[in-house]
Amino acid sequence: NIRTNMFYKLDFEFAAPNDAQFRDALLGWKDLPFLGKLIVGNQKRPLILDQLNSSNVNVFIERPLIADAFQEEARRIGIQSFNVSENQLATWQYGFFNNKNVQNDGSYTGDPFQGLGAARFTWLPFFDECSGGRNYLHLGMAGSIARYNGTRDARDPEQNVARFRARPELRTVNRWVNTGRIMNADWGYQELAEVILNLGPLAIVGEYELDQITRIGGSQDVFFHGGYVYVAYFLTGDHQKYNHKEGKLARPEILENFFLVERLCGGHGGGWGA
């Protein structure tokens, strides 16, 4: 019996029919005191705005390279709390996750546990209610701390998840960049900043991330960073809507559908869509 304040989601990926993977596989509770929403299972970690946005919302077909490199396969098994302020101008979420991706492992008994704690906070310093939310400024920050198991024998590298790699945006099989398994990795630290400035049909979105891995055994610490900025403009006057409850982008509400018809009095009528 699923209570009225409970929800669940089970989503599978069949891109490789002989190697299906689960994506969202979770059970949650909402409207909880102090916690707001609590989610248990395989879910997105609260890191990187472009990863948290639905693919139906993002402007580009592919996500930016930092999303793939720093948060490969965004989902992990864990527990996460998600809450929003009463005026819906601020959100905060935090959780604890297994840093190892087990979406197609079948079983991970015996793997050394490599935990990750992450948190994200967003704020709307400006939101124009009078225009129906056509103008707003979103600021966000997020971070994580991870415990790696980079001291395993190099002959068994799969047990070490300390690695950064990214495909090109065409999603080829081969990676453009790949650090390989970072041996002797001990702790990992991530800091992110995000911004959305929306002025009517104009949207400016950007993120920047710093990533550091400390190493033991005399190995030198490693440091990576990256970011992106994009500008989008609706020629038809529509605008990118905002999801207050989750601090991210929402689907635009199209002002007019695309259509073309013959008028009864002659000629043609139509709409441009978005």
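The structure under discussion appears in the preceding block.
Structure report, in brief. (Residues numbered from 1 in each chain as written. Predicted model: local features only at pLDDT ≥ 70, side-chain atom pairs only at ≥ 80, totals over all residues. Heavy atoms only, no water.)

In this section: the pattern of salt bridges. For the structure on display, the rule yields 10 salt bridges. Asp-50 is the salt-bridge partner of Arg-63, the closest N and O atoms lying 3.7 Å from each other. Note that Arg-63 is positioned in the loop between α1 (49-52) and α2 (65-70) and Asp-50 in helix α1, a separation of 13 residues in sequence. Overall, Asp-50 belongs to the buried group, its relative accessible area being 6%. For Glu-246, the salt bridge is made with Lys-248, and the minimal N-O distance between the two is 2.8 Å. The exposure class of Lys-248 is buried, given its relative accessible area of 16%. (Salt bridge = Lys/Arg side-chain N within 4 Å of Asp/Glu carboxyl O. Helix = DSSP H or I, 4+ residues; strand = E, 2+ residues; numbered from the N terminus. Buried < 20%, exposed > 50% of the residue type's maximum accessible area, 1.4 Å probe, protein only.)

This next bit is on the nonpolar core. A general tendency of soluble globular proteins is for nonpolar side chains to be buried together. Tyr-136, Tyr-148, Ile-182 and Ile-213 are the most contacted members of the largest nonpolar core, which has 31 residues in total. Breaking this core down by element, the ones donating at least two residues are α2, β6 (115-127), β7 (135-147), β10 (185-199), β11 (202-215) and β12 (222-233). Setting aside residues up to four positions removed in sequence, Ile-213 forms contacts with Tyr-148, Ala-162, Phe-164, Ile-182, Ala-185, Trp-187, Gly-188, Asp-221 and Val-222. (Core = buried A, V, L, I, M, F, W, Y, C linked by side-chain atoms within 4.5 Å. Contact = heavy atoms within 4.5 Å.)

This brings us to the pairing of β11. Alignment of β10 against β11, held across 14 bridges, turns out to be antiparallel. Bridge pairing in β11 places Gln-190 opposite Asp-211. The loop that links β10 with its antiparallel partner β11 comprises 2 residues; one of these, Gly-200, has a positive phi angle of about 60°. Pairing of β11 with β12 involves 12 bridges; the strand directions are antiparallel. The partner of Ile-213 across the bridge, within β12, is Val-222. Linking β11 to β12, which pair antiparallel, is a turn of 6 residues; within it Gly-217 sits at a positive phi near 70°. (Pairing = 2+ DSSP bridges.)

Positionally, Asn-149 belongs in the loop between β7 and β8 (165-166). Using a relative accessible area of 18% as the deciding quantity, one classes Asn-149 as buried. Apart from the residues within four sequence positions on either side, Asn-149 is in contact with Pro-112, Gln-114, Gln-159, Asn-160 and Ala-185.

Taken as a whole and judged by the stated rule, the model has 7 aromatic pairs. Taking the centre distance of 5.4 Å and the plane angle of 85° together, the rings of Phe-60 and Tyr-230 count as edge-to-face. Pair noted here: Phe-60 is in the loop between α1 and α2 and Tyr-230 is in strand β12, with a separation of 170 residues, a long-range link. In this structure Phe-60 comes out as partly exposed when scored by relative accessible area, which is 48%. Members of the aromatic cluster, each reached through a chain of ring pairs, are Phe-60, Tyr-228 and Tyr-230. We note Lys-37 situated over the ring of Phe-82; from NZ or CZ to the ring centre the distance is 5.7 Å. (Phe/Tyr/Trp six-rings, centres within 6.5 Å; stacked < 30°, edge-to-face > 60°. Lys NZ or Arg CZ within 6 Å of the ring centre and 35° of its normal.)

Nothing here speaks to function; it is all geometry.
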